[in-house]
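Geometric and topological summary
What follows is the residue order along each chain.
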Amino acid sequence: MAVVFISPKKRQRTFFVVITLGFLILLASISLGVFLSKPKEVSSVVVFNKSKINIDMSIFDSEKFKNLKAVPEMLSQYNYKAVSKNGKVENGFISAISEADATKALNGLGLSVNSLQKSEIGRENPFSPYYQVVAAPVVITTPVSTTATTTTTTSSATSTTTTNTSTPSGGSGTLSTTTTTP
């Protein structure tokens, strides 16, 4: 009687070949069953769903729609440099609907505009907090019709003025100036 030894590597290889062949036979039988089966019949009735949105266009003819008021234009902020009647150079910012309204408001305050530029929207540092305490003088202003009210805070050679103005065209704005005396 002879004893036959099968090496472990050969056993391992035989085991993997048998497992792989079994998996491939299983995969082939499933794919043949799925792909070669007869498809189910589809009903020939085409179904369209009716839209659930109804738009009532008669609202445009209603009195409520006709009596709506237009939204006022947004104010833009402008940086300016101007010369006052005294000959002092003033710079600051003004809020107005347009550049023409800003110029009219500055001329109405007796300033001769040297330069007027629209301010950029946003902050220089987007990572700075929105609400932070800043030590600044308190300036109180009141709204005015066609005249200008001025509140002035003065420190050594610089004075800051904030004014609420109203233009003849119905626009209004806020004016802040800084005057530097030589």
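Because the structure is a prediction, the values reported are computed rather than measured. Every residue gets a number counted from 1 within its own chain, in the order that chain's sequence is written. Confidence filtering applies because this is a predicted model: local features only for residues at pLDDT of at least 70, side-chain atom pairs given and counted only at 80 or more, and all residues used for totals across whole chains, interfaces and linings. Each side-chain value is worked out from all heavy atoms of the structure, with water and hydrogens disregarded.

**A closer look at the overall build of the chain**
Working definition: helices are DSSP H or I runs of at least four residues, strands are E runs of at least two. Numbering for both runs from the N terminus. From N to C terminus, the chain includes three helices and six strands. Accessible area is worked out with a 1.4 Å probe on protein chains only. A residue is then buried under 20% of its type maximum, exposed over 50%, and partly exposed in between. A total of 182 residues make up the chain; the buried ones form 17% of that total. Contacts: residue pairs with any heavy atoms within 4.5 Å of one another. Put simply, of all contacts in the chain between residues at least 6 apart along the chain, 40% involve residues at least 24 apart. The Shrake-Rupley method, run with a 1.4 Å probe, gives the accessible areas here. Residue values count only the displayed protein chains as cover. Total accessible area computed for the chain in this model is approximately 15,700 Å², and 61% of it derives from carbon and sulfur atoms.

**Here's the deal with a nonpolar patch on the surface**
Candidates for patches are residues over 30% relative accessible area with no salt bridge; among them, like charges are joined within 9 Å and nonpolar side chains (Val, Leu, Ile, Met, Phe, Trp, Tyr) within 5 Å. A pair is scored as a salt bridge if a Lys or Arg side-chain nitrogen falls within 4 Å of a carboxyl oxygen belonging to Asp or Glu. Taken together, the side chains of Ile 53, Ile 55, Met 57, Ile 59, Phe 60, Phe 65 and Leu 68 make up a nonpolar region of the molecular surface, amounting to roughly 780 Å² of accessible area. Here Phe 60 is to be found in the loop between helix H1 (8-35) and helix H2 (63-66).

**Quick look at the nonpolar core**
Among the nonpolar cores identified, the biggest contains 10 residues, and these are Tyr 78, Tyr 80, Ala 82, Ile 94, Ala 96, Ala 102, Ala 105, Leu 106, Leu 111 and Leu 116. Mapped by element, the contributors of at least two residues to this core are strand S1 (76-83), strand S2 (89-96) and helix H3 (99-108). Within this scheme, the nonpolar core is defined by two criteria: the residues are buried Ala, Val, Leu, Ile, Met, Phe, Trp, Tyr or Cys, and they are joined through side-chain atoms within 4.5 Å.

**Overview of H3**
Within an α-helix, residues lying three or four positions from one another point in the same direction, as the helix has 3.6 residues per turn. Residues of H3 that are buried include every one of Asp 101, Ala 102, Ala 105 and Leu 106, and no others. Buried residues along H3 cover an arc of 135° about the axis, so they all sit on one side. Just beyond H3, the residue with positive phi is Gly 110, at close to 80°. Think of it as the arc spanned by the lines of direction from the helix axis to the C-beta atoms.

**Details of the pairing of S2**
DSSP bridges decide pairing: two strands pair if at least two such bridges lie between them. Note that S1 and S2 share eight bridges and pair antiparallel. Bridge pairing in S2 links Lys 81 to Asn 91. Joining the antiparallel neighbours S1 and S2 is a turn of five residues, in which Gly 87 adopts a positive phi near 95°.

**Section: the packing of aromatic side chains**
Stacked, tilted and edge-to-face are the three classes applied to pairs of Phe, Tyr and Trp rings, where Trp contributes its six-membered ring and a pair requires centres within 6.5 Å; stacked means planes under 30 degrees apart, edge-to-face means over 60, and tilted covers the rest. The final tally for this structure, using the stated rule, is two aromatic pairs. Plain terms: the ring middles of Phe 60 and Phe 65 are 5.1 Å apart, the flat faces sit at 85° to each other, and that makes the pair edge-to-face.

**Details of the environment of Ala 96**
Along the chain, the position of Ala 96 falls in strand S2. Residue Ala 96 is classed as buried on the basis of its relative accessible area of 5%. Excluding anything up to four places from it in sequence, Ala 96 contacts Leu 75, Ser 76, Tyr 78, Asp 101 and Ala 102.

**Looking at the environment of Asp 56**
Within the secondary structure, Asp 56 is located in the loop between H1 and H2. Its relative accessible area of 52% is what places Asp 56 among the exposed residues. Polar contacts here mean pairs of N or O atoms no more than 3.5 Å apart (in protein, one a potential hydrogen donor and the other a potential acceptor; neighbouring residues in sequence count only if both atoms are side-chain atoms). A polar contact of 2.6 Å, which involves the side chain of Asp 56, links it to the side chain of Ser 58.

**Observations regarding the pairing of S1**
Of the two faces of S1, the one lined by Ser 76, Tyr 78, Tyr 80 and Ala 82 is fully buried and the one lined by Gln 77, Asn 79, Lys 81 and Val 83 carries no buried residue. Relative to strand S3 (residues 112-118), S1 runs antiparallel, the two sharing six bridges. Paired with Tyr 80 across the bridge in S3 is Leu 116.

**Considering the side chain of Ser 76**
Inspection of the secondary structure assignment puts Ser 76 in strand S1. Sequence-distant contacts of Ser 76, that is, excluding residues within four places in its chain, are made with Ile 94, Ser 95, Ala 96, Ile 97 and Lys 118.

**A look at the confidence of the model for the chain**
In low-pLDDT segments, the atomic positions of the prediction should not be examined closely. Confidence scores per residue from the predictor, reported as pLDDT, run from 0 to 100. In this model, the chain carries a mean pLDDT of 74, and residues with pLDDT of at least 70 account for 67%. At the low end of the mean pLDDT range in the chain sits strand S4 (residues 149-155), at 43; at the high end sits H3, at 92. Ignoring residues within four places in sequence, the model shows residues 164-171, a span with pLDDT below 50, making 23 contacts including any to other chains.

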